[in-house]
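Next come the chains, spelled out residue by residue.
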Amino acid sequence: MLDNELIGLFGGAFDPIHNAHISIAEKCVEEIGLQKIIFIPTGSSPNNKKLTNYKHRLEMINLICNNPNFQVSDFEIREYINKKKISYTIDTLRFFSKQKKCTFFFILGSDAFSSINSWHKWKELLKYSHIIIIERANNKLYSDNMPTEVQAFFENNLTKDINDLKKYSKGYIFVLPIPMYKYSSSEVKSNLKNNTEIKSMLPKIVQEYISSHKLYLDSGHIK
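Residue indices begin from 1 for each chain and proceed along its sequence in written order. Whole-chain, interface and lining totals are the exception, using all residues; otherwise, since this is a predicted model, local features are given only for residues with pLDDT of at least 70 and side-chain atom pairs are given and counted only at 80 or more. No hydrogens and no water enter the side-chain calculation; it runs on all heavy atoms of the structure.

J.: Got a minute to help me understand the layout of surface pockets in this structure?
T.: Unoccupied space between atoms shows up once a probe the size of one water molecule is rolled over them. The volume enclosed by the largest pocket comes to roughly 1,000 Å³. As for the largest pocket, its lining consists of 38 residues, and the residues nearest its centre are G11, G12, A13, A112 and W119. Every helix listed is a DSSP run of H or I at least four residues long, and every strand listed is a run of E at least two residues long, numbered separately from the N terminus. Contributions of two or more residues to the lining of the largest pocket are made by strand 1 (5–12), helix 1 (19–32), helix 4 (89–97), strand 4 (102–109), helix 5 (110–114), strand 5 (130–136) and helix 8 (185–193). Per element, the largest residue contribution to the lining of the largest pocket is four residues, and it comes from strand 4. Its residues assigned to classes, the lining of the largest pocket shows 17 nonpolar, 16 polar and five charged. The method works on a 1 Å grid over the protein atoms by themselves. A cavity is a set of points holding a 1.4 Å probe that cannot get out, a pocket is an open set with protein on both sides within 12 Å along at least five of seven lines, and residues with an atom within 4 Å of a point line them. Grid points are joined across faces, edges and corners, and a volume is the space filled by probe spheres set on the points. Nonpolar residues are Ala, Val, Leu, Ile, Met, Phe, Trp, Tyr, Cys and Pro. Charged residues are Asp, Glu, Lys and Arg, and all others, Gly as well, are polar.

The structure is reproduced here in structure tokens:
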């Protein structure tokens, strides 16, 4: 086994961060033995997706980082603010991989993985980390539903042995089913906009922040 710190890199808009995100992070710590989860909110989306102001998204993540295993990085946000760079995962992994004595695990959902061939330099991701695919309850990962090149990428690099993730510092794909991951940020925002049930979706401290700053009252909100 490598004597490396095991670090999960959890990227996304986090607009807003919600209980499913937190459950995923906790499960990666419990099931895989990751010692740290770093939340990395998107700076500028490659898909031109409208995002709530980065200051709000960062602060909402900071509110849930009372867990000693959780941290937040503003790397992608700084890259956009300072250099106007689009947030590409490959650039983020290259940045973090410069740290010595660390094994990194890039965390993403099965729905995102199924279309990973649309990502910038996607075939190079495993040069810098392992990939942890979170299998959503309503989006089971079946290789025959993926594009042929993604299916080959998946099958050629898949391991079912957690020890492989600790013996080697990069290069493997591991699938982690999480039944409680049942909703998305889009559904959370829709409920907020329509003033319907959100108590089960958001930590109370995040609910209070959203309410106090009057976020997500309108679709496309970028306050």
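J.: For this particular structure, what's the right way to read empty space enclosed by the protein?
T.: Inspection of the entire model under this criterion finds two cavities of 30 Å³ or more. Space inside the largest cavity adds up to approximately 60 Å³. As for the largest cavity, its lining consists of F75, E76, E79, K85, I86, S87, Y88, D91 and T92. Taken together, the elements giving at least two residues each to the lining of the largest cavity come down to helix 3 (75–83) and helix 4. Residues belonging to the lining of the largest cavity are distributed by class as follows: three nonpolar, two polar and four charged.

J.: Hey, could you run me through the packing of aromatic side chains in this one?
T.: Within a pair of aromatic rings, the relevant descriptors are the distance that separates the centres and the angle that separates the planes. In this analysis, rings of Phe, Tyr and Trp, with Trp reduced to its six-membered ring, are considered paired at centre separations within 6.5 Å, and the interplanar angle assigns stacked below 30 degrees, edge-to-face beyond 60, and tilted for intermediate values. Counted according to the given criterion, the structure contains 13 aromatic pairs. On the numbers, 5.6 Å between centres and 80 degrees between planes, the contact of F14 with F39 is edge-to-face. Linking F14 in the loop between strand 1 and helix 1 with F39 in strand 2 (residues 36–41), this pair joins segments that are 25 residues apart in sequence. Between F113 and F153 the ring centres are 6.3 Å apart and the planes differ by 25 degrees, which places this aromatic pair in the stacked class. On the criterion of sequence distance, the pair formed by F113 in helix 5 and F153 in helix 6 (residues 148–157) is long-range, its members being 40 residues apart. Taken individually, F113 and F153 each receive the classification buried, so the pair is uniform in this respect. Burial here depends on accessible area, computed with a 1.4 Å probe over protein chains only, as a share of the maximum for the residue type. Under 20% is buried, over 50% is exposed, and the range in between is partly exposed.

Nothing here speaks to function; it is all geometry.
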